[in-house]
Structure formats: C-alpha cells, structure tokens
Amino acid sequence: MEPLENGIKGRAPSPISGFSRLPPLLHLLLLLEQPCPITGRKSTGAAFDRIPIDELQNDHPYQWALFVLGYAWIENKPIPFPGVVEQPPLESAISLMEIGGIHGKPYRQWAGDLRTPAEAQADYDANDKKDTNPVPRRFGGFCNHALVSFPTWHRPYVMVVEQAIGDYADNIAQQIANAYPVEGPTWINAAKELQPFPSVFYADELTIRVPGPEGQMVDVPNPLAFYAFPYIPEDFTQNTRVNLTAYFNLWPQTFRRADSTEAGGSDIDRVITSIVEERGNIRKQVSQLFMYPYGGDSSMIWDQFSNSLNESRQSDNDSRFSSLEVVHGAMHSFIGGNGHMGYPDYAGFNPFFYFHHANVDRIHAYFALWEWCYTDYWMNDGYTVNSRLNSWTQQAGTYAQVYNGRITDTGEFGMLAPFRHEDGSYWTNNDTRFLTPDAYPKYYSYKEFLGVKVDIPAANIQERQEARARIARYYEVNLQKSAWETNHIDIPAPGVGEISLPLNFTSIRSFHLFIILARLPEHAFGHSYDLCIYYKETKPVGNVSVFTRTDDSPCRACAFHRTNTAVVRGVIIMSPSIVNEIIVESGIDRSTNTMEITTELITRALTGKLLDMSGKLLASAKGGDSAEPIHDGDSAAERVQPVEVSLVSSGVAEHVNDGKQPVYLFDWNSHKALFPVRRSDYLPF
C-alpha cells in the first residue's frame, strides 16, 4: 500500500508554543447568518443502517473511504484525494471545534444555534454576572446530564456529526463521479448509504480505497486517533485534583488515559486493559437494563432507566435496576481516564465520543433497543406521587431554559437546545422517540440485532418479551443457566397469598440474584471517580462510575448539583458464580444455610475502593460487621463517603413452559450495608 502524495502520509500535532487563544470577538465573526438545522441524512430520502466497524471496513470500502475523508474534514484537516478538485468549505458550526464545545467548554453559543435576542434574554438576571458580563449573552451550558432528557438530548447531538460527514460525502462523491465516470455511480451510492459510526480509534493510519481501475488501497492519517486543536479556547484550564493534573490549557490535542504531565500523551495499552477488565461488568449492567418488568409506572421507570440521579425516587432502596447514564459513564472513565473523555467539559472533542454515544443510542438501541422493548415507558409531563403530579426539573437552567424550569416531553419545556429543525424550532424530547416509520424522521436505523429491527415495531408484547430475554442472555446474564450451575441458598416455594407471580411463572428454587446498590455523592472529589467492588481484594465484582464536571466548571446545572449534594445511583450485579464460590469456600454446612448467613458471608468477602480517573486509590473499605473500623482521624473526609453501599436480593421466577420468556424478579429485600458505620466516631472509608 502506498501513501498518497501532497504530504498526507503523516500528521503531527502543532507544538504547544504555536497555540494561541481565539478572542471572543473573532468567534462571533465565525458564526453563521442562519441557524444550522439538524436533519440527519435527510438528503438521502431514506433511512440507512449504521454499520458495524468490521463490516464497514471489510465489505464497504467506498463508504469507509468517504467516512475517513469526512471525519478528517470536520477536523479541518482535509485529505487530498484523487478526483476531488475542491474541498467543500467547512462552516464553523459543523467543525469539530464547534460541535465538541456543545458538550461543555468553551461555554459560549454554538455557531449553529443563532438564538434571537428574545430567546437570548428569556432567562436574563441583572444580578447574575454570567448575564451581565459579557453583555448580553448568558451561557450556563447545554447540560442535560442527570436528567430524564439525558438520552433524548444526545440523539440529535450525534446526528450533527452524522449529517456533516454525510453531506461532505455527497459532495466529494459527485466530484469523483465527474472525474471517474465508470466508477461514479458506485461512489455516489456509497455516499447515499453512509451512516458513519465505526470505531477504529488509535492506529496512526487507516487504509482506504481510491478511485481508479486497479482498486488501489492507500494509507492516510487516522482522524479518529485524536483531535488536534486549531487553538486553545480561553476557558480551557489546568485541572489538579488529588495529585492528578490534566493540562487542558497546554495539551495541543485530545488524549486518552493521559499522562499527568504538561506534554501529555495517550496510554492506549491502559485503555485496552481497562476495557478488557471491565467488559464483563459493563455487559451485566447493559443486560439489567432489559430486566425492568412490564406494568410499572411509566414515568418512574423512564426516570430510573434514563439517568443517574433518579429524581422521582421515593425511598433509598426502591431503585434496583441500572441506568443508561451510569453504564455510559463507565466507558467515559475507562477510555478517558485523565484525558479529555474523562471530563464532561472536554469529552466532546475526542473523536471516540460520538461513536460511544452512537452505541448508547443503539441501546436506547441501548435508546433504540430499549424503547423498542418498552414502548409504554416515557418521561411524560412528570411523575405522580399520592395523586399529585410533580414536574421534572432542570434546576439551574441552561442556555435555553429558565431557572428551575419544568421539563416536559414536548412544547416550550421540552425543547432540546441547541438543536433546531428546518423551521427554526428546537427539537423536543418527543421528536427523538423511536426510529419507526411513523416517528419523527431521523434518517438512520441499525442492523438487525438478535432478531430485532428497531425501525419495525414489534407485532405484540410476546415478541418484545422474547427479545428482552435474548438481549439479557447475550449480555451475559442468564439466570436460568446460573441457577443450574449454582445452588447456594434455599428459597421456599411461594405460598398462596405470600408472593404474587405473573400467570404461568414459578420461582426457581434455591436461587437468588444479589445486587449491590450504591448511592454516591456526585461531586465528592471535584472530578469523575469510580467505586470498585472486589472479591478477595483483587478480583473485580463490578463498579459504578461517577461521571461529573469539575468544581470550577461554569455549568449552571452542575453547580446546582454541587450545592445540593446530588447523589448518583448505580447498581452492580453480583455474578452468581462468585456468590457460590464465597459460600463453598466458607466451609459452612450448606444444608443449614440461611439468607442471614449468606449475606454475612458476602459482605465479609468484599472490599470497596474509590479510584480516581487514573486508577489511583482515593479511599478503601473492608466489608462486613467484623472488619476493623477506621478511626475518623485516618478516614477519608465525610463529604466523600458513599451515601449507601448495600446488598439487595431478589427471587427469580421463570415461565413454566416457555424458555423464550425473560425471567421475573420478585421478593426484593434489602440486607446489610457492605461497609457499615460501626461506631459514631468511625467512618467506613
């Protein structure tokens, strides 16, 4: 394979000394005269599937080439290519520098939004320096984290990148067709069908096809490996927390698992190791997303699924399932570490960010698969407690929402700024729902997965139930199989009137599912961190990632969370094989085992560690009532202590004659705190 000419073989980042800050006035000069509407690949006139990376590279060489060229283009590093006479102009709104800033820094208006004066002053406060300095723009960010709108807001966000690359592909495919008439239709069709979300992220170069009769393959610089900043924005800062420093004000490009040095650098080996180590835990958390039962409260289930704070929670222990946002945060932690992906204010600049959120969207396909299975669960206009409707709240406002404004699924309070339609109105939460033909058009879908095509509605509830069971097993939680392989605690058969089970379901005797419920202070350490649970000190059981902004972030919603000591909720599924091993190795007489004995054995066998983004230990605790207490003089500060880390169990029921049905979890019970406060003057960590 030969490198192309014109100096595109390699692409080194600019030296730090060559960087300058862009004055705010110059930024305003780059703004468009009209908003940039988010339509997705509307120009294709149809919805095409987003293709997995291996298939895109191996089976679709023309689309792969167009994708690589398009991503380099939005990074403002266009790659010379045969047949391309003129590179399309890159409008500021669709440059990665602008798109990445939507997620956090620099805190300023997105060039593609262009709010009217009335919109800009709708939540103006003359006593707020963010309103009056500079005048008249107030900007508290677009933050939709820890909210019921977390999955809905990120859907059009990912579409911005998809749309930009797709439109570029249309342009250059036509130029190639003009230069190579014989191959022209192939390149044009490839551009039309391109849904650009693969995930090759660290090779220095990628191999793509060029036009010509020989089918020549060439090496080009990899635009997915990092993003080289054209300048350092004025509010990029140096972040130092607990002996860990991220030099965002100096680093010339995005890094992953960054070294805590001014020179920076990505530790790709550590990224790969982290993914391998945590793969099982992430898959179990994804599996649990599809264990929500049918027939629950629509708004409350959506709240529990969609975000990490769970605003509608009525008691400490009534949220026993994982959330999409916590699963998503784990990948930010493992990939980013001390680099850009590990900090919400900078994450949007890392090329991996958009591929990660495309996969999050797949599971809401993690969004699309979930909403296909759970069509009745939705945010609605709020949640009801004791016959009283309570509104969802965006507590501190955003650039487009007033302080303590309501969040609804549509209308004035449902808008998802800064993403607009062609008529100038904002996308709403309701607009993002579903990929089916009767939904608001988004012009993409996903390939069939385990018999599910998310753009074709299920025929009936049984089809959705069977899909849930297949998905849960695919992501490595097969409780019926685990029940056959382990036999660690006796569960009495449900008696008449004792336990209510769905029709034709029966409990699996001698089997329980154990989970660890964690509630952690969101801003305990001033940056993202992880709670990791281990068996035998070193064997991972699972983790909960807290993906949060730093204490000095301008994000208004996050500032409110800090002031009000917001708590993140996460769930860890304990592998039944680990529970079984704990009991077997204890040497107890299993014929006399009880739930009380089992829970004591489990808690004594576990340890907990709070780790920073580089994996350094912040605090640790030994489980069980008999563990040596930590005097408050040696303990971590009280403000960083977990609010709750407790053991919870459920019985498991299966359909009596239909193995395709998902299991039903019942008889939930809260047990011991894993790390109890043993005396009033002692702390667990």
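Owing to the predicted nature of the structure, the values given are computational and were not obtained by experimental measurement.

(A) Region of the structure containing empty space enclosed by the protein. Of the volumes computed, that of the largest cavity is approximately 100 Å³. Taken together, Phe-290, Met-291, Arg-468, Ala-469, Ala-472, Arg-473, Val-477, Asn-478, Leu-479, Gln-480, Pro-662 and Val-663 make up the lining of the largest cavity. Breaking the lining of the largest cavity down by element, the ones donating at least two residues are helix 14 (461-474) and helix 15 (479-485). Broken down by element, the lining of the largest cavity gets its largest block of residues, four residues, from helix 14. A per-class count over the lining of the largest cavity returns eight nonpolar, two polar and two charged. Size it by volume and the second largest cavity reaches roughly 80 Å³.

(B) Here's a closer look at the pattern of salt bridges. Enumeration over the complete set of coordinates arrives at 19 salt bridges. The partner of Glu-581 in a salt bridge is Lys-539, and the shortest N-O contact between them spans 3.6 Å. You can see Glu-581 sitting in helix 17 (residues 576-586) and its partner Lys-539 sitting in strand 16 (residues 539-546), a full 42 residues away along the chain. Accessibility expressed as a relative area gives 37% for Lys-539, which makes it partly exposed.

(C) Here's a closer look at unusual backbone geometry. In this structure, Pro-106 follows Lys-105 across a cis peptide bond, with omega equal to -5°. Mapping Pro-106 onto the fold places it in the loop between helix 4 (96-101) and helix 5 (117-120). Note that the residue after Ala-417, namely Pro-418, is joined by a cis bond; omega there is 10°. Structurally, Pro-418 can be placed in strand 11 (residues 415-420). Unusually for a residue other than glycine, Asn-310 sits at a positive phi of about 60°.

So, how was this worked out
- Residues numbered from 1 in each chain as written.
- Predicted model: local features only at pLDDT ≥ 70, side-chain atom pairs only at ≥ 80, totals over all residues.
- Heavy atoms only, no water.
- 1 Å grid on protein atoms, 1.4 Å probe; cavity = no way out; pocket = protein on both sides within 12 Å on 5 of 7 lines; lining within 4 Å.
- Points joined across faces, edges and corners; volume = space filled by probe spheres on them.
- Helix = DSSP H or I, 4+ residues; strand = E, 2+ residues; numbered from the N terminus.
- Nonpolar A, V, L, I, M, F, W, Y, C, P; charged D, E, K, R; others polar.
- Salt bridge = Lys/Arg side-chain N within 4 Å of Asp/Glu carboxyl O.
- Buried < 20%, exposed > 50% of the residue type's maximum accessible area, 1.4 Å probe, protein only.

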